[in-house]
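Structure assessment
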Amino acid sequence: HGVEGVIFTSKARAKVMYWPRKIGARSLLAAMAPSCELAPEEEDMSAASAHAALRKVFLTSLPPSALVVLLTERHFNGLDSTVFPGVSLQLALLAALTGFVLFWCGQRFHVSARAAVRHRAYTMDVLVSMSTCISFFYGLSVTFYDVVRPSDSAPVMGASMFFETSAVLVCALLFGRLMEAAAKAKTMAALQLLSSKRPSSGTLVTDGQESQCPYDLIQVGDVLRVKPGENVPVDGEIISESAAECDESLLTGESRGVSKQKGSIALGGSTCLSGGFLMVAVGVGNSSTLARIVQLVEDAQAKRPAIQAVVDVVASYFVPAILILSAATFMTWVLVGFELGFDDVLSLAITHGMSVLMIACPCSLGLATPTAVMVATGHAATFGILVKDASTWQVISGTRVVVLDKTGTLTRGRPKVVGCALMEGATTLGDVPHKAGSLVDATALGAEVNVRDAVPRVAWLLLGAEAGSEHPLGLALSDWAQAACGEQLAPECQSFQNTPGKGVEAVVAGKWAVRVGNQSLVGVYEDPNVHEWSTRWQAKGCVVVCMQVADAQVCMFALRDELLPDAPPVVAELQRRGIGVWMCTGDQPGTAAAVGSAAGIEEERICSQASPEDKAALVARLRESWGTVVMVGDGVNDAAAMAAASLGCAIGAGAQVTIDAADAVLVSSRLSDFLIFLDLGRATMSTIYRNFLWAGVFNLVGVPLAAGVGAPWGITLPPVFCGVAMAASSVIVI
């Protein structure tokens with residue numbers, strides 16, 4: 001019945017996965033009534049919520065940490081009273097405040113460290129938890145030692161120093177985590193803005209009556225009314241005659257309003273600026289454009305690029321190595337201290353050992369890649385650039401060659417019939433039904449051809465043959481045929497077959513075998529007049545297709561697709577950057593050469609009459625010779641080439657199979673967005689490498705100094721400074 005599965009998220013809550021084109025949400029809910037009802041929205045656990053919670057913990061830790069510093073650095077006469085023998089009220093307050101900061105405010109570090117050790121995954125939290133706890137408990141041990149063996153105030157001052165270290169470190173690290181959470185919340189702002197454009201309900205029109213329907217219960221086929229100023233709830237096809245305008249800037253990056261009329265698709269999440277309209281829902285729930293965009297960005301931000309695997313290996317050895325180095329530092333200072341007769345050797349050794357634990361910072365290594373990826377992916381979404389995998393940023397930054405499709409990539413993808421020529425075979429269509437429509441221009445290439453009589457017959461057959469085609473050329477031919485046929489209905493089409501890169505063939509009205517395509521499908525043009533007509537239109541940048549009925553070639557069509565205004569400057573900029581630009585198309589050599597030349601592509605890098613297999617083979621050859629190859633296209637013909645490329649990039653709405661095969665999607669049809677994509681990729685990888693360099697230099701310099709290598713020259717790093725420096729290094733990376 002269309003139900004894919006059920007997942008129980010709690011005893012009283014479940015998620016039902018279903019196919020919206022097989023069963024609607026309201027029908028599904030009605031079948032489960034009265035035992036089930038629509039659940040309210042779950043509590044938002046977004047990055048913003050995590051940032052707010054962490055901010056509360058940090059602000060809570062700030063006053064007691066400040067008091068600890070104040071009580072450590074100054075002596076207060078009013079706090080001299082003894083709580084226990086040898087323990088003043090001031091020291092007892094220090095211990096209590098530090099314990100609160102360490103075990104309540106800093107509990108996230110200890111919980112995470114315990115889980116990491118249990119799973120044998122030594123993380124930064126292990127170092128933090130160990131160093132702060134060692135500092136605190138050593139301070140307590142000094143205090144209890146003073147209780148057992150009362151002496152002067154020196155041990156008390158030693159204890160207070162360790163309490164201060166523990167409290168200040170936790171407070172500083174919480175601030176670092178707060179900055180990290182703020183960065184994540186900022187990167188998620190674009191997604192949250194997209195999600196906020198989804199209204200909670202839509203206006204459902206049933207038998208002329210309007211009612212509000214919850215978003216989750218809108219079904220495919222529902223008629224919805226959208227008024228000016230309202231957000232479109234789901235994807236829908238406009239069925240009203242009035243013109244409207246929608247703001248799709250958050251979805252496609254298009255800053256101007258987009259005109260809509262009957263038959264246009266209104267995207268869920270866009271805003272109706274003027275006009276208002278009725279529409280039929282065609283994409284609901286997770287199948288809507290808005291939901292797919294949000295899901296793509298979330299998935300990409302959660303994935304890890306290939307370079308992160310190297311970082312993970314380094315980090316897995318880093319923490320154990322620091323633990324060993326810290327222990328070695330402690331033992332070295334114990335031996336050196338006793339050998340040279342230092343005072344308070346144990347405190348000195350613990351101080352240096354803790355400094356090593358605190359300054360070591362795998363956080364900056366771990367944050368370098370995911371933070372940059374999250375920022376880039378969220379920023380790309382604001383330009384209408386959807387990245388499916390984090391590794392895409394690494395690939396796009398090393399682009400050596402870009403292969404461009406023609407139709408819909410370099411051109412607008414909305415061709416029009418600009419020339420028509422009737423051949424001698426049109427005289428064989430006398431028994432084809434016809435009804436004249438609008439008068440269309442056509443040229444007779446055969447002496448016996450009657451243009452006025454033949455055009456509506458050709459158009460009727462063409463209308464039936466192209467009825468099942470979704471290719472831009474097929475749609476353009478259908479529009480021409482409909483105009484030439486007038487109000488005559490399209491005939492029945494049987495045995496429809498679409499051969500990518502060649503054309504279509506079908507049996508029309510159960511009688512006429514029709515083929516429409518290029519010469520690889522319909523055969524060569526034997527008449528020199530036909531060949532001359534075809535060559536002349538191809539030289540103008542037009543695509544020429546031929547229509548064949550039975551074994552007779554009956555008509556030629558010239559279709560022109562306007563070159564995108566930004567195509568020549570984009571090609572020129574790519575070439576200026578040293579990136580090789582190729583064009584690969586299934587069109588005839590003359591058409592391909594004209595369009596490629598207008599776009600600024602070198603003649604030897606223009607490939608014509610290429611089938612999907614030819615495109616994939618070209619991409620494979622270029623990868624062997626050049627390395628990283630990006631394929632940019634929008635049609636079914638490009639899916640195989642995208643799969644063969646280092647990175648596939650679908651432009652515009654694209655065919656669904658192309659979007660599935662692509663690694664990135666440029667939602668709008670602006671080729672200039674590819675340059676933004678390229679710039680973002682290079683900036684992202686530059687940021688990652690710069691962060692790696694900073695993390696490496698910080699640890700190579702900081703760890704030896706913390707261990708006391710600079711002590712003979714008076715250079716030492718106390719634990720508090722080390723902890724603050726470590727937190728600062730993470731903030732710098734963020």
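Residues numbered from 1 in each chain as written. Predicted model: local features only at pLDDT ≥ 70, side-chain atom pairs only at ≥ 80, totals over all residues. Heavy atoms only, no water.

A closer look at the overall build of the protein
Here is the rule: A run of H or I in DSSP counts as a helix once it spans at least four residues, and a run of E counts as a strand once it spans at least two, with each numbered from the N terminus. Each residue gets one of three labels from its accessible area relative to the maximum for its type: buried under 20%, exposed over 50%, partly exposed in between, using a 1.4 Å probe on protein chains only. Any two residues having at least one pair of non-hydrogen atoms within 4.5 Å are treated as being in contact. Accessible areas in this description were obtained via Shrake-Rupley with a 1.4 Å probe; residue shielding takes into account the shown protein chains only.
When you go through the protein residue by residue, the secondary structure sums to 24 helices and 27 strands. Across the 734 residues that make up the protein, the buried fraction comes to 49%. For the protein, the share of sequence-separated contacts (at least 6 apart) that also reach a separation of at least 24 residues comes to 68%. Carbon together with sulfur atoms contributes 59% to the accessible area of the protein, which is approximately 33,700 Å² in total.

With respect to the side chain of Thr585
Along the chain, the position of Thr585 falls in the loop between β23 (580-584) and α19 (589-599). Residue classification places Thr585 among the buried residues on the basis of a relative accessible area of 2%. Those residues in contact with Thr585 that sit more than four places away from it in its chain are Asp405, Lys406, Ala592, Cys607, Ser608, Gln609, Ala610 and Lys615.

Examining the confidence of the model for the protein
Applicable threshold: Here pLDDT means the predictor's own confidence in every residue, given as a number from 0 to 100.
Taken over all residues, the pLDDT of the protein has a mean of 80, while the share at 70 or more is 83%. Taken as a whole, residues 152-157 scores under 50 in pLDDT and shows seven contacts with residues more than four places along the chain or in a different chain.

Side note on the nonpolar core
For clarity, the cut-off: For this analysis, a nonpolar core means a set of buried residues of the types Ala, Val, Leu, Ile, Met, Phe, Trp, Tyr and Cys, connected via side-chain atoms within 4.5 Å.
In this structure, Phe163, Leu174, Ile322 and Ile359 are the most contacted members of the largest nonpolar core, which totals 41 residues. Of all elements in the fold, only α2 (47-73), α3 (89-105), α5 (124-148), α6 (154-187), α10 (306-340), α11 (345-359), α23 (672-707) and α24 (719-733) reach the threshold of two or more residues within this core. In this view, Phe163 contacts Val68, Leu91, Leu94, Ala95, Thr98, Phe136, Gly139, Leu140 and Thr143; residues no more than four positions away in its chain are not counted.

Let's talk about unusual backbone geometry
Look at Asp207: it is not a glycine, yet its phi comes out positive at around 55 degrees. You can see Asp207 is positioned in the loop between β5 (201-206) and β6 (209-214). Judged by its relative accessible area of 77%, Asp207 is exposed. Of note, the phi angle at Ala509 is positive, near 55 degrees, even though the residue is not glycine. Counting through the fold element by element, Ala509 comes out in the loop between β19 (503-508) and β20 (512-517).

Some points on the sheet that holds strand β9 (residues 244-247)
Rules: When DSSP locates at least two bridges between a pair of strands, those strands are taken to pair. Interaxial angles span 0 to 180 degrees and are taken between N-to-C directions of axes, which are lines fitted to C-alpha atoms, for helices over the stretch in contact.
Pairing within the open sheet is antiparallel, and its three strands lie in the order β10-β9-β12. With partners counted over all chains shown, the strands left at the sheet margins are β10 (258-260) and β12 (271-274), one partner each. On average, adjacent strands in this sheet sit at an angle of 40 degrees to one another, irrespective of strand direction. Where β9 meets β12, three bridges bridge the pair, whose relative direction is antiparallel.

Digging into the packing of aromatic side chains
Going by this rule: Pairs were defined over the aromatic rings of Phe, Tyr and Trp, the Trp ring being its six-membered one, requiring ring centres within 6.5 Å. Orientation was assigned from the angle between planes: stacked under 30 degrees, edge-to-face over 60, tilted for the rest.
Throughout the structure, instances matching the rule amount to 11 aromatic pairs. Here the aromatic rings of Phe103 and Phe137 are separated by 6.1 Å at their centres, their planes lie at 50 degrees, and the arrangement is tilted. Pair noted here: Phe103 is in helix α3 and Phe137 is in helix α5, with a separation of 34 residues, a long-range link. Judged by relative accessible area, which is 37%, Phe103 ranks as partly exposed. Residue class for Phe137 comes out partly exposed when judged on its relative accessible area of 43%.

Regarding the sheet that holds β6
Sheet architecture is open: six strands sit in the order β6-β5-β7-β13-β8-β11, paired in antiparallel fashion. Strands with a single pairing partner mark the edges of an open sheet, and in this sheet they are β6 and β11 (265-266). Two strands pair when backbone bridges link them, and β5 and β6 are joined in this way by six bridges, in the antiparallel orientation. Looking at β6, one finds that Ser201 is bridged to Pro214.

What to know about the state of the cysteines
Going by this rule: Note on terminology: disulfide denotes any pair of cysteine sulfur atoms within 2.5 Å.
For the structure shown, the criterion picks out zero disulfides. Cys607 forms no disulfide, and the closest cysteine sulfur to it belongs to Cys584, at a distance of 4.9 Å.

Regarding helix α4 (residues 107-118)
Applicable threshold: Multiply 1.5 Å by the residue count of a helix minus one, and that product is the helix's expected span. Throughout, the arc means that of the directions going from the helix axis to the C-beta atoms.
Taking 1.5 Å as the rise per residue, α4 with 12 residues should run 16 Å; its terminal C-alpha atoms sit 17 Å apart, in good agreement. Looking at α4, one finds that the buried residues are Phe109, His110, Ala113 and Ala116. Considered in projection along α4, the buried side chains sweep an arc of 130 degrees and stay on one side of the axis. Set apart from the buried face of α4 by more than 90 degrees, the exposed residues are Arg114 and Arg118. After α4 finishes, the residue Arg120 shows a positive phi value of roughly 55 degrees.

Here's the deal with the environment of Ile606
Among the structural elements, Ile606 can be located in strand β24 (residues 606-607). For the pair Ile606 and Pro589, spaced 17 residues apart in sequence, the C-alpha to C-alpha distance is 8.7 Å. Ignoring sequence-local partners within four residues, the contact set of Ile606 consists of Met583, Ala592, Ala593, Gly596, Ser597 and Ile601.

Re the environment of Ala281
Looking at where Ala281 falls in the secondary structure, it is placed in strand β13 (residues 277-283). On the basis of relative accessibility, which here comes to 1%, the residue Ala281 falls in the buried class. Those residues in contact with Ala281 that sit more than four places away from it in its chain are Ile218, Gln219, Val220, Gly221, Asp222, Leu224, Val234, Asp235 and Gly236.

What to know about the packing of α11 against α23
For clarity, the cut-off: Working definition: roughly parallel below 35 degrees, roughly antiparallel above 145 degrees, roughly perpendicular at 65 to 115 degrees, and oblique for all remaining angles. In this scheme, a crossing is called left-handed if the near helix is turned counterclockwise away from the far one by less than a right angle; it is called right-handed if the turn is clockwise. In this count, Pro and Cys sit with the nonpolar residues alongside Ala, Val, Leu, Ile, Met, Phe, Trp and Tyr, while Asp, Glu, Lys and Arg are called charged and the others, Gly among them, polar.
Between α11 and α23, whose axes approach to 8 Å, the crossing angle comes to 165 degrees. Relative to α23, the element α11 is oriented roughly antiparallel. For the crossing formed where α11 meets α23, the hand is right-handed. Residue-level inspection shows His352, Ser355, Val356 and Ile359 of α11 in contact with α23, the latter providing Phe698, Asn699, Gly702, Val703, Ala706 and Ala707. The class makeup of the residues in the contact of α11 with α23 is six nonpolar, four polar and no charged.

Points about the environment of Ala52
Assignment of secondary structure puts Ala52 in helix α2. Residue classification places Ala52 among the partly exposed positions, given a relative accessible area of 46%. Sequence separation of Ala52 and Leu178 is 126 residues, and the distance between their C-alpha atoms is 8.9 Å.

Notes on a nonpolar patch on the surface
Keep this limit in mind: The patch calculation keeps residues exceeding 30% relative accessible area without a salt bridge and links them within 9 Å when they carry like charges or within 5 Å when they are nonpolar (Val, Leu, Ile, Met, Phe, Trp, Tyr). Here, a salt bridge means any side-chain nitrogen of Lys or Arg that lies within 4 Å of a carboxyl oxygen of Asp or Glu.
Together, Leu693, Val697, Leu700 and Val701 line one region of the surface with nonpolar side chains, adding up to about 410 Å² of accessible area. Note on placement: Val697 falls in helix α23.

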